[in-house]
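Here are the chains, one letter per residue:
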Amino acid sequence: MNIILALIIFSIIILFHELGHFLLAKYNDVRVNEFCLGLGPTLVGFTKGETKYSLKLLPFGGACMMEGEDEDSSDDRGFNNKSVLQRFSIVVAGPVFNFIMAFIFSLIVVACVGFDPPVLTDVMDGYPAQEAGLQAGDSIVRMGNKRIHLYREVSFYTYFHAGEAVDITYERDGEKYQTVLTPAYDEESGRYLFGFYGAAGRTKGNVLQTLQYGVYEVKYWIVTTMESLGQLVRGRVSVNDLSGPVGIVKTIGDTYTETKPAGMFYVLMSLMNMCILLSANLGVMNLLPIPALDGGRLVFLIIEGVRRKRFDPDKEGALNFVFLMALMVLMVVIMFNDIRKLIM
């Protein structure tokens, strides 16, 4: 069941990503030769118009294969025969559609179960928050240079800036106040704590608030992904801390198992949260300026737009191949670590 759920979630996210490329390709009159889910040999497929739609053997990945995308083509409707702006819109559409999908699911989750406002429910005796005068009912507005909309943002800020003093802006009875908090190390939990608690439940809002907090939900996952990448680059987390398909399947399975006793409604909400996380994550990762990813292709298009001359296709192809191989090696390492964690 866990694998089936994971395949369904992966398929939905990948299809929506490739749908972005597909729709913008059609809009810009680019010939799409094949639109597929999965990789490897074709299991089933059919052709409608000029495009073949197919399901591949390997259940991970997908593709929108356009005429003249990776090779020269004399067809006026070939991808590389279109303007820089047209090609840019086609490439960027994949990640953008991931963010759109994350927003749609966020709206559903926020409408059904609400959001977690950054309102304090209590403060701990003897900790910095109490000493600074914070009270239950105060709303955290800003931490450092980061605007706070959800209580989870407070928790993750503490995690990413463990032990650091931070300027905090909070609101009480319509008035804003500022203070500086230096978290204290808690021996029992092994963490740095400011010494306050947030709401355990969620708050439902009106239609406008649902739209507003749907945006905040997507922003939260995008920023969290970017912060995590920053921690990886700075060496504060290692490749061993990353999860690949195997780890994600386990997480989805654990989520299903833990929420199943509460009923199918909570199972669906939890799986939608997973879709939000994975879709936002895929959008961010694909926008990284790395050859072989959409972001790398966008960099080449920007260079072409500035130079008014296409980047050498052979050099671009070689760079894409080298980085694709490097990404494949990274995925193998991550998968090995996922398997190792499962059996240890």
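Every value quoted in this text rests on a predicted model; they were computed, and no experiment measured them.

Each value, and the rule that gives it
- Residues numbered from 1 in each chain as written.
- Predicted model: local features only at pLDDT ≥ 70, side-chain atom pairs only at ≥ 80, totals over all residues.
- Heavy atoms only, no water.
- Helix = DSSP H or I, 4+ residues; strand = E, 2+ residues; numbered from the N terminus.
- Buried < 20%, exposed > 50% of the residue type's maximum accessible area, 1.4 Å probe, protein only.
- Contact = heavy atoms within 4.5 Å.
- Areas by Shrake-Rupley, 256 points an atom, 1.4 Å probe, with all protein chains shown as cover.
- Pairing = 2+ DSSP bridges.
- pLDDT = per-residue confidence, 0-100.
- Salt bridge = Lys/Arg side-chain N within 4 Å of Asp/Glu carboxyl O.
- Axes fitted to C-alpha atoms, helices over the stretch in contact; angles between N-to-C directions.
- Parallel < 35°, antiparallel > 145°, perpendicular 65-115°, else oblique.
- Nonpolar A, V, L, I, M, F, W, Y, C, P; charged D, E, K, R; others polar.
- Phe/Tyr/Trp six-rings, centres within 6.5 Å; stacked < 30°, edge-to-face > 60°.
- Lys NZ or Arg CZ within 6 Å of the ring centre and 35° of its normal.
- Core = buried A, V, L, I, M, F, W, Y, C linked by side-chain atoms within 4.5 Å.
- Left-handed = near helix turned anticlockwise from the far one by under 90°.

### So, the overall build of the chain
Counting secondary structure elements, the chain contains nine helices and ten strands. Looking at the 344 residues of the chain, the share that counts as buried comes to 42%. Relative to all contacts within the chain whose residues are 6 or more apart in sequence, the contacts with residues 24 or more apart total 65%. Counting every atom, the chain has about 18,500 Å² of accessible surface; 63% of that belongs to carbon and sulfur.

### What about the sheet that holds strand β5 (residues 146–147)?
Here four strands make up an open sheet; going across it, the order is β5-β4-β6-β7 and the pairing antiparallel. One side of each edge strand has no neighbouring strand; the edge strands of this open sheet are β5 and β7 (175–181).

### Structural notes on the confidence of the model for the chain
The predicted model of the chain has a mean per-residue pLDDT of 87, with 94% of residues at 70 or higher. No element of the chain has a lower mean pLDDT than helix α6 (residues 245–259), at 74, and none a higher one than helix α2 (residues 84–113), at 95.

### Re the pairing of strand β6 (residues 166–172)
Judged by how many residues are buried, β6 sits mostly within the fold: five of seven residues are covered. Where strand β4 (residues 139–143) and β6 come together, four bridges link them in antiparallel fashion. By the bridge assignment for β6, Ser-139 is matched with Glu-171. Bridging between β6 and β7 involves seven bridges; their strand directions are antiparallel. By the bridge assignment for β7, Val-166 is matched with Leu-181. In this antiparallel pair of consecutive strands, β6 and β7, the connection spans two residues, and Asp-173 shows a positive phi of 55°.

### A few points about the pattern of salt bridges
Going through the model one piece at a time under the given rule, you end up with twelve salt bridges. Across the salt bridge formed by Glu-34 and Lys-56, the nearest N and O atoms sit 3.1 Å from each other. On the criterion of sequence distance, the pair formed by Glu-34 in strand β1 (residues 32–48) and Lys-56 in strand β2 (residues 51–66) is long-range, its members being 22 residues apart. Relative accessible area serves as the criterion here: at 11%, Glu-34 is assigned to the buried category. Notably, a salt bridge pairs Lys-219 with Glu-153, separated by 3.4 Å at the nearest N-O pair. Taken as a pair, Lys-219 in helix α5 (residues 207–233) and Glu-153 in helix α4 (residues 151–160) lie far apart in primary sequence, 66 residues in all.

### Regarding the packing of α4 against α5
Running from N to C, α4 and α5 point in directions that differ by 5°, and their axes come no closer than 11 Å. Viewed along their axes, α4 and α5 adopt a mutual orientation that is roughly parallel. Taking contact as the criterion, the partners of Arg-152, Glu-153, Phe-156 and Phe-160 in α4 are, on α5, Glu-217, Lys-219, Tyr-220, Trp-221, Thr-224, Glu-227, Ser-228 and Gln-231. Of the residues that constitute the contact of α4 with α5, the class distribution is four nonpolar, three polar and five charged.

### Here's the deal with unusual backbone geometry
In terms of backbone geometry, most residues other than glycine have negative phi values and most peptide bonds are trans. Backbone geometry places Ala-292, a non-glycine residue, at a positive phi of 90°. Assignment of secondary structure puts Ala-292 in the loop between α7 (264–286) and α8 (294–307). For Ala-292, a relative accessible area of 32% corresponds to the partly exposed category. Phi is positive for Arg-308, which is not a glycine, with a value near 60°. Tracing the backbone through its elements, the reader meets Arg-308 in the loop between α8 and α9 (313–343).

### So, the packing of aromatic side chains
Here the distance between the centres and the angle between the planes together describe a pair of aromatic rings. Applying the stated criterion to the full structure yields 16 aromatic pairs. An angle of 25° between the planes, with centres 5.4 Å apart, marks the rings of Phe-46 and Tyr-53 as stacked. Look at Tyr-185 and Tyr-192: their rings are 5.2 Å apart centre to centre, the planes differ by 65°, and that puts the pair in the edge-to-face class. An aromatic cluster is defined as three or more aromatic residues linked by ring pairs; in this entry it consists of Phe-156, Tyr-159, Phe-160, Tyr-220 and Trp-221. A cation sits over an aromatic face here: Arg-152 above Tyr-220, 4.8 Å from the ring centre. Between Arg-172 and the ring centre of Tyr-177, over which it is positioned, the NZ or CZ distance is 5.8 Å.

### Quick word on the nonpolar core
If you look at the biggest cluster of nonpolar residues, it comprises 34 residues, and the most contacted ones within it are Ile-9, Phe-10, Ile-252 and Leu-278. Counting only elements with at least two residues in this core, the list comes to α1 (2–27), α2, α5, α6 and α7. Looking at which element gives the most residues to this core, the answer is α7, with ten residues. Dropping the residues within four chain positions of it, Leu-278 is found in contact with Ile-9, Phe-10, Ile-13 and Ile-248.

### Quick look at the packing of α5 against α7
Close contact between α5 and α7 brings their axes to 9 Å; oriented N to C, the two are set at 55°. It follows that α5 is oblique to α7 by the angle criterion. The handedness of the crossing between α5 and α7 is right-handed. For the pair α5 and α7, contact is made by Glu-217, Trp-221, Ile-222, Thr-225, Met-226 and Leu-229 and by Asn-273, Ile-276, Leu-277, Ala-280, Asn-281, Val-284 and Met-285, respectively. Of the residues belonging to the contact of α5 with α7, the class tally is nine nonpolar, three polar and one charged.

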